[in-house]
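A look at the structure
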Amino acid sequence: MAADLGSAVNWSPEWIREWAPEMFEASVDPYLNLNFFQDVDMDTEELAIYLKKGMFSELHSVVSEIGIPVTATYFDLQKEMLWVGNQRGHVTSFFGKTMPRYSSFQVHTIDDIRHIRSLGTGVLFLSKRNLSCYTRGGVIMFDYPMEKGANMNSLLMTDNNTLLMGGLQNYVTELDLNTIQETQKFTVEVPGVTIMRQTNRSFFCGHPSGKVTQRDLRTLKLEHVFNAFSGGLSDFDVHGNLLAACGFSSLSGLACDRFIMVYDLRMMRAPIPLQVDVDPLFLRFVPTYRSRIAIISATGRGQFCEPTGLANTAEVFHINTNGQLLTSFDVSSSKQALGFGDSGGCVQLWSDAPDISFNVYSREAEFARPCLVDTLIELNGNHDLQPFSLIPTPTRPTARAEPCSRKKMVPAKGPEIQHTVETVGLKSSVKSPRTCRRKQVQRKKNQTPAYYFYHNQVPENPTESDEESLHVVPKKYRKVAIKYSKRGLEDFNFSSYNQTMFAGLEPDIPNAYCNSMIQVLYFLEPIRCLVQNHLCQKEFCLACELGFLFHMLDFSEGDPCQANNFLRAFRNIPDAKALGLILSNHEERTGKAKIGLLIQRWNRFILSQLHQETQEQESESVIGKLFGSEVENRSLCVCGKETVRSPLTLLFNMRYPEHNSQAETIKEYDFAEILKKSICLEQSSQAWCDNCENYQPTVHTRSIRHLPDVLALNCEVNSAKEAEFWKVQAEYAFNKAMQKAAMEASSTGGIGCGTQADDQRHVWIPATLKMSISKNQELEIMSWPESEELSAAEEGEGASLYDLVVTVPHILDDDTGDTLVAHIKVGETYHDRKEGVYQQQWYLFNDFLVEPIDKTEAVQFDVSWKVPAILYYTKRNYHTKYDLHIKRPVDASVMHTEASLTQRKTDATFMPLMDSEKLQAGDLVGLDAEFVMLRQEETELRSNGTKSTIKPSYMSVARITCVRVQGPNKGIPFIDDYISTQEQVVDYLTQYSGIRPGDLDAKISSKHLTTLKSTYLKLRFLIDSGVRFVGHGLQNDFRVINLMVNKFQINDTVQMFRLPRKRMISLKFLAWYFLGINIQGKTHDSTEDACTALELYTMYGDILREGGFAYLTEVIQKLYETGFQLNWKIPDSDMKWSQTD
């Protein structure tokens, strides 16, 4: 009986009935108010409770099914839902804090629901003999029946695709969710397992006998046994280094033991049992404000207590169950909500605040669209957009439907077209009226198109929001995404997105929204040379990191690069965090960040930061010389006191005239006129006056005294009002172009003039500006023909021509999400280096998509989907005054051993290179790198059971080892650096990296700890020296480290011992097969891996010399045959076997 009662708590009804039969009686309490349970849609205002911070109280209660006991309660880990399963196999989900019913469906006809777990695309439900997966709307995805005699109780997700199932039998089953097949079983003691929990390295099984066992999460081997209770186990939970359990005592019959056993997993013992004031049936850690345990009894009494202290009677609370018994309990992942289910079918939601969320970051839930049509609407056959699908279609009784012919609906030809048809022989032609663009239909005059408003603002006329827009975002402007396969990036064809020699940038990195502006800075030649010549000692210097990134872009031949290290340094700049430029994971995942406004702030920040960082090493800042404008700011108070300041301005914000009335017609302005008013700004505001000693109305005026070489402009189109202004001005400019084309057509016969005018649609900004400062210190700006030059007299007066070279638009797309792209006019020097031609060409840069475009496309802004954000004008031939030589600042001094960041004494694991060991071009170096995970991989499970990667894991290099290949010190590392990181590590991957918690912490680490920048420079020096690297998986290592290495310098054993389109073979298996050694026993060691790769490289050369490529192919084929026979696992016996046996 004791053993049976211990399993009751994990919701096996046949055991609970023996202890409390009334708990599972499917009958209604006669004293129960049925009206209370039937009123599901309760008024939330009546239930609102003013909660004290840290104290939980009832927030809402609903009924799943009246009188049917709730057997499982579970908070969804992906969405704001609370799932409830009952004794009759029915499940119900409730959404959010007000708990409206989201879905309700039957999972099993007989058995009760015992455990619930959520996935990305569905929810798992465990019953006694079945595991079922349903979508959140109730559509079945799969149903997995158990073996005969199975009695399952608990689920445990060990990773995204592996599931453990345990119950009242002598085994636990492991299930692969990709194939929905059992992969293995491991034996447990009889009568089995009822509860399973896990930590990062272990998982724990609760047994009906009162024991809790700890097992290795990878090998499933038993590691430790906790003898918690003599009468049976009720519940347990694990948090950090603590394990807390409650159960039953057999000393006086069989009753709930009021002592909680709290074990320290570091010492594997319970210091002192914790006495509580309730009969514990459920137990969970709730570490919201402090490390607390929530203890719940079956009668509804609860208590919070500290796991290492004494229980406080003041923290006892009561759950109103209306005489029913509590049968289930769960805590949300955010620790803000508690969920209770009772034997009467009621579900209660408790929280510590009125406004709560179940998860820290939840995905948006999908809701059914409401039916807006109650009856058939009146059909109007004369309406062009009449939905004829509303007409009921009669069905034929025949078994085989006859094929119907579809006729393409073509808009009616207007009279202006019909009267101009010219027929020659059998062919007819007509002159286009050019009322709309090709393959587009013009709307009627009484129909107003709906525009996508900037920042998703609501249109002023709500009736227009339901109309579909005619404007479709071209494919090349949409957000691009990398599709990952099980081989990673190997199957993705980047060349289909980029046919040029210029490199794109990968988007799957945190805060990669600035990729477009990184490309802009790279294609400004003075900046490209400036940052590559810059090198300082600061750990997080954006100028240094941009120089490293631009070096990669220089040497890439069209392959995309990662801005990993630059964005890592960017996230560690305090000013970037203070300005709100660092996006959270939630903002990036949901796409709700206002990236158009964000990139303009980023533009101002990066120019200021580069100006500050480069000025520290140079007497004159190149950034200040490039972008700096000497301005004079005057502030005139009403008292007459005038204050004058002369700062250096690096960019200007565009300002537009105010037009408040909707009926007011927007006037026509020239872009040069608006630009002049934006630079020479005049405005009034309240400002402090030292003379008046008070805030007074003050007039601020700004005048410019010196023009920059690069004019940087933030367009500030941040609302529908500014977007409408751009739209109207473009229409004015287009009408002028059409009138001019008509006049030219009348004089030239109309050849080609209409096409040129049509290219000016949505164009307002000029390609070239003439700017000068007059003798009266007034700024003069005017548009200028792009192909013309200034006269000698104009140049003598100080006039300059500014050519448009950059436009950065914000792309609005509801389908794929908003994104930022860049139009860049690439100069002659870049084409000469990359493609061997001397020309200028406009390109579109959309992350890793790079495509040449026409110059008119760069200045066209259809604000319904393409909103201007940033413009760059450069002074014609400005770069001739700058030094454009790269001096290669990385020299041999970076190889000198620097002091470790570790505060403790470090173990010597390497020997620096001596003067006699100087490496030459062509010398071999063994290399291996280890990584830690900063962000988990985001995947989803498709309906066919396959896994799809939504966003890959984000890795950071943690250890780099370089090993000597020749000489008396062969095999001894000369670099063995552990890389310090300030970012949160979500997984040290100790099994694969050998990195343990604390190894990267300067306070407690015993390793040689350095900065990423220091080790990066060492590798850069080796690459520039021409050494050849030998290692396993080097291509991926260099990609994550952000290094571009010539393929002739890489000797990768992964590719050496691989057949085309076949799987990659692990270093461990290759070492066992070819060398007869067993490596990577418990964890990986980079020194061991590098030396093993060197031995394999030597054997590869021996095989090739012995029999040539034919013999090498035969050897590799035998390798694959052996691998498939052994399922790529090394047998426990015969570890010394090799291919020579």
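Okay, so let's go over this structure. Keep in mind that what you see is a predicted model, and the values were worked out from it rather than measured.

**Here we look at the overall build of the chain**
Tallying secondary structure elements over the chain gives 25 helices and 54 strands in all. Each of the 1141 residues in the chain was classed as buried or not, and the buried ones make up 52%. Residue pairs in contact within the chain that sit at least 24 positions apart in sequence constitute 60% of those at least 6 positions apart. In the structure as shown, the chain presents an accessible area of about 56,200 Å², 50% of it carried by carbon and sulfur atoms.

**Structural notes on the environment of Ser-495**
Tracing the sequence through the fold places Ser-495 in the loop between β31 (427-429) and α6 (515-522). Given a relative accessible area of 40%, Ser-495 falls into the partly exposed group. Expressed as a C-alpha distance, the spacing of Ser-495 and Phe-848, which sit 353 residues apart in the sequence, is 9.4 Å. At a separation of 2.4 Å, a polar atom in the side chain of Ser-495 contacts the side chain of Asn-493.

**Quick look at the sheet that holds strand β3 (residues 81-86)**
With antiparallel pairing, four strands are arranged side by side in an open sheet as β2-β3-β4-β5. Pairing within the sheet leaves two strands with one partner each, and these edge strands are β2 (70-75) and β5 (101-106). Looking at each pair of strands side by side, their axes are set apart by 15 degrees on average, direction ignored. Where strand β4 (residues 90-95) lies against β5, five bridges are found, and the strand directions are antiparallel. Counterpart to His-90 in the pairing with β5 is Gln-106.

**Examining unusual backbone geometry**
Residue Val-190 is joined to Pro-191 through a cis peptide bond whose omega torsion reads 10 degrees. Tracing the chain through its elements places Pro-191 in the loop between β13 (181-187) and β14 (195-198). If you check the backbone angles, Leu-989 has positive phi at about 50 degrees while not being a glycine. With respect to the helices, strands and loops of the structure, Leu-989 is situated in the loop between β51 (973-979) and α20 (990-993).

**Brief notes about the pattern of salt bridges**
Following the criterion strictly, the structure yields 39 salt bridges and no others. Salt bridges here are not isolated pairs; linked through shared partners, they connect Arg-197, Asp-235, Asp-237 and Arg-284.

**A look at helix α7 (residues 525-533)**
Counting buried residues in α7 gives eight out of nine residues, a clear majority hidden from the surface. Along α7, the residues classified as buried are Glu-525, Pro-526, Ile-527, Arg-528, Cys-529, Leu-530, Val-531 and Gln-532.

**Description of empty space enclosed by the protein**
In total, this model carries seven cavities of 30 Å³ or more according to the counting rule given. Looking at the second largest cavity, its volume works out to about 80 Å³. Looking at the second largest cavity, the residues that line it are Val-531, Gln-532, His-534, Leu-535, Cys-544, Gly-547, Phe-548, His-551, Arg-888, Pro-889, Val-890 and Arg-1020. Looking at the lining of the second largest cavity, the elements that each hand over two or more residues are α7 and α8 (542-555). Among the elements that line the lining of the second largest cavity, the one with the most residues is α8, at four residues. Residue classes in the lining of the second largest cavity are distributed as six nonpolar, four polar and two charged.

**Looking at the sheet that holds strand β53 (residues 1028-1031)**
Sheet architecture is open: six strands sit in the order β52-β51-β50-β47-β53-β54, paired in mixed fashion. The outermost strands of the open sheet, each flanked by one partner alone, are β52 (1009-1010) and β54 (1050-1052). Two strands pair when backbone bridges link them, and strand β50 (residues 954-963) and β51 are joined in this way by five bridges, in the antiparallel orientation. From the neighbouring strand, Val-963 faces β51, where its bridge partner is Pro-973. In the packing of helix α21 (residues 1012-1025) onto the sheet, contacts are made with β47 (924-935), β50, β51, β52 and β53, and the angle to β51 comes to roughly 145 degrees.

**Some thoughts on the packing of aromatic side chains**
The full count for this structure, using the stated rule, is 53 aromatic pairs. Centroid distance Phe-282 to Phe-329: 6.3 Å. Interplanar angle 65 degrees. Geometry classified as edge-to-face. Of this pair, Phe-282 sits in strand β23 (residues 282-285) while Phe-329 sits in strand β27 (residues 326-331), and the two are 47 residues apart along the sequence. Like Phe-282, the residue Phe-329 is buried in the burial classification. Pairing Phe-671 with Tyr-873 gives two aromatic rings, centres 6.5 Å apart and planes at 35 degrees, and the pair type is tilted. Residue Phe-671 is located in helix α14 (residues 671-679), and its partner Tyr-873 is located in strand β46 (residues 866-875); the two are separated by 202 residues in the primary sequence. By relative accessible area, Phe-671 is classed as buried at 1%. Under the relative-accessibility criterion, Tyr-873 is labelled buried at 0%. Grouping aromatic residues by their ring pairs yields a cluster made of Tyr-656, Tyr-669, Phe-671, Phe-725, Trp-726, Trp-764, Phe-861 and Tyr-873. The ring centre of Tyr-171 lies 4.3 Å from the NZ or CZ of Lys-185, which sits over that ring. Between Arg-292 and the ring centre of Phe-304, over which it is positioned, the NZ or CZ distance is 4.4 Å.

**Some details on the pairing of strand β40 (residues 779-783)**
Regular strands place side chains that alternate from one sheet face to the opposite one. The pairing of strand β39 (residues 768-773) with β40 spans five bridges and is classified as antiparallel. Within the sheet, the bridge partner assigned to Met-771 lies in β40 and is Ile-781. Hairpin geometry of β39 and β40 is characterised by an intervening segment of five residues between the two adjacent antiparallel strands and by a positive phi of about 65 degrees at Gln-777.

**Some points on the nonpolar core**
Membership of the largest hydrophobic core comes to 111 residues, with the highest contact counts inside it found for Tyr-513, Ile-518, Trp-602, Phe-627, Tyr-872 and Leu-1022. Here this core gets nine residues from one element, more than from any other, and that element is α8. Discounting chain neighbours no more than four positions away, the residues touching Tyr-513 are Phe-570, Leu-581, Leu-583, Leu-598, Ile-599, Trp-602 and Leu-820. Counting residues in each nonpolar core, the second largest holds 56 residues, with Val-717, Leu-779, Leu-844 and Leu-849 among its members.

**Considerations on the pairing of strand β7 (residues 123-126)**
The two faces of β7 match: Val-123 and Phe-125 on one face and Leu-124 and Leu-126 on the other face are all buried. Between the end of strand β6 (residues 115-118) and the start of β7, which pair antiparallel, lie four residues. Strand direction decides the pairing type here: β7 and strand β8 (residues 130-134), joined by four bridges, are antiparallel. Across the sheet, residue Leu-124 finds its bridge partner in β8, namely Cys-133. Following β7, the chain reverses through three residues before pairing antiparallel with β8.

**As for the side chain of His-831**
Its location among the elements puts His-831 in helix α18 (residues 828-835). A distance of 3.0 Å separates the side chain of His-831 from the side chain of Tyr-843, its partner in a polar contact. Setting aside anything within four residues of it in sequence, one finds His-831 in contact with Phe-502, Val-826, Gly-836, Val-837, Gln-839, Gln-840, Gln-841 and Tyr-843.

**A word on the packing of α8 against helix α12 (residues 595-615)**
Relative orientation of the contacting elements α8 and α12 amounts to 100 degrees, with a least axis distance of 8 Å. The angle between α8 and α12 places the two elements in the roughly perpendicular class. On the side of α8, the interface is formed by Leu-542, Ala-543 and Leu-546, while α12 contributes Phe-605, Ile-606, Gln-609, Leu-610, Glu-613 and Thr-614. Taken together, the residues that form the contact of α8 with α12 break down as six nonpolar, two polar and one charged.

**Observations regarding α8**
Between its first and last C-alpha, α8 extends 20 Å over 14 residues, near the 20 Å set by a 1.5 Å rise per residue. Of all 14 residues that make up α8, 13 are buried, and the element is covered over most of its length.

**A word on the state of the cysteines**
Within the structure shown, the criterion is met by zero disulfides. No disulfide involves Cys-544; its sulfur sits 3.6 Å from that of Cys-536, the nearest cysteine. Residue classification places Cys-544 among the buried positions, given a relative accessible area of 0%. Free cysteine Cys-692: the closest other cysteine sulfur is in Cys-639, separated by 3.5 Å.

Cut-off values and rules
Residues numbered from 1 in each chain as written. Predicted model: local features only at pLDDT ≥ 70, side-chain atom pairs only at ≥ 80, totals over all residues. Heavy atoms only, no water. Helix = DSSP H or I, 4+ residues; strand = E, 2+ residues; numbered from the N terminus. Buried < 20%, exposed > 50% of the residue type's maximum accessible area, 1.4 Å probe, protein only. Contact = heavy atoms within 4.5 Å. Areas by Shrake-Rupley, 256 points an atom, 1.4 Å probe, with all protein chains shown as cover. Polar contact = N/O pair within 3.5 Å; in protein donor to acceptor, adjacent residues only side chain to side chain. Pairing = 2+ DSSP bridges. Axes fitted to C-alpha atoms, helices over the stretch in contact; angles between N-to-C directions. Salt bridge = Lys/Arg side-chain N within 4 Å of Asp/Glu carboxyl O. 1 Å grid on protein atoms, 1.4 Å probe; cavity = no way out; pocket = protein on both sides within 12 Å on 5 of 7 lines; lining within 4 Å. Points joined across faces, edges and corners; volume = space filled by probe spheres on them. Nonpolar A, V, L, I, M, F, W, Y, C, P; charged D, E, K, R; others polar. Phe/Tyr/Trp six-rings, centres within 6.5 Å; stacked < 30°, edge-to-face > 60°. Lys NZ or Arg CZ within 6 Å of the ring centre and 35° of its normal. Core = buried A, V, L, I, M, F, W, Y, C linked by side-chain atoms within 4.5 Å. Parallel < 35°, antiparallel > 145°, perpendicular 65-115°, else oblique. Expected span 1.5 Å × (residues − 1). Disulfide = S-S within 2.5 Å.

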